[in-house]
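Spelled out from the first residue to the last, the chains are:
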Amino acid sequence: SGGGAPALAGDEFIGYWDMTPVSDLVEKIVASMPATAPGSLTREQGADITAFMLQANKFPAGDADLSSDDETLQAISIAK
């Protein structure tokens, strides 16, 4: 459910991130996780966590791993 933060899966997650570029979610993860050491994750780790979250929300998988490249991630939007 996300605890004190937005939900990580389900309708609340999709509603919160709807029409947002995937790059925004990766950036949020990289800047704020983990709670004990915010900003310590690499962009690649943020992309891996994002890919897991998208999979948990039943978004279709692509043919390759989710890129950590900002330009590529800006071209992908989270949509209902």
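Refer to the structure above for everything that follows.
So, here is what we can say about the structure in this document. (Residues numbered from 1 in each chain as written. Predicted model: local features only at pLDDT ≥ 70, side-chain atom pairs only at ≥ 80, totals over all residues. Heavy atoms only, no water.)

## Points about the packing of helix α2 (residues 22-32) against helix α3 (residues 43-56)
Contact geometry of α2 with α3 gives a least axis separation of 8 Å together with a crossing angle of 120 degrees. Relative to α3, α2 is oriented oblique. Note on packing geometry: the crossing formed by α2 with α3 is right-handed. Taking contact as the criterion, the partners of V22, S23, L25, V26, E27, I29 and V30 in α2 are, on α3, R43, G46, A47, I49, T50, M53 and L54. Each residue belonging to the contact of α2 with α3 can be placed in one class, and the counts come to nine nonpolar, three polar and two charged. (Axes fitted to C-alpha atoms, helices over the stretch in contact; angles between N-to-C directions. Helix = DSSP H or I, 4+ residues; strand = E, 2+ residues; numbered from the N terminus. Parallel < 35°, antiparallel > 145°, perpendicular 65-115°, else oblique. Left-handed = near helix turned anticlockwise from the far one by under 90°. Contact = heavy atoms within 4.5 Å. Nonpolar A, V, L, I, M, F, W, Y, C, P; charged D, E, K, R; others polar.)

## Examining α3
The end-to-end C-alpha separation of α3 is 20 Å, in line with the 20 Å expected for 14 residues at 1.5 Å each. By the burial criterion, the buried members of α3 are G46, A47, T50, M53 and L54. Projected down its long axis, α3 shows its buried positions confined to an angular sector of 120 degrees, all on one face. Every exposed residue of α3 that faces more than 90 degrees away from the buried side is listed here: D48, F52 and Q55. Considering only its buried residues, α3 is in contact with α1 (11-17), α2 and β2 (77-78). Positive backbone phi, approximately 65 degrees, marks K58, located one or two places after α3. (Expected span 1.5 Å × (residues − 1). Buried < 20%, exposed > 50% of the residue type's maximum accessible area, 1.4 Å probe, protein only. Arc of directions from axis to C-beta.)

## Remarks on the pattern of salt bridges
For side chains of opposite charge, pairing can occur when their charged atoms come near one another. If you walk through the whole model with that rule in mind, you get two salt bridges. For the salt bridge of E27 with R43, the shortest nitrogen-to-oxygen distance reads 2.9 Å. In this pair, E27 sits in helix α2 while R43 sits in helix α3, placing the two residues 16 residues apart along the sequence. Here R43 and D70 are joined by a salt bridge, their closest N and O atoms 2.9 Å apart. Separated by 27 residues along the polypeptide, R43 in helix α3 and D70 in helix α4 (residues 70-74) bring together distant segments of the chain. Shared partners join several salt bridges into a network, and the residues in it are E27, R43 and D70. (Salt bridge = Lys/Arg side-chain N within 4 Å of Asp/Glu carboxyl O.)

Everything listed is a geometric property; what it means functionally is a separate question.
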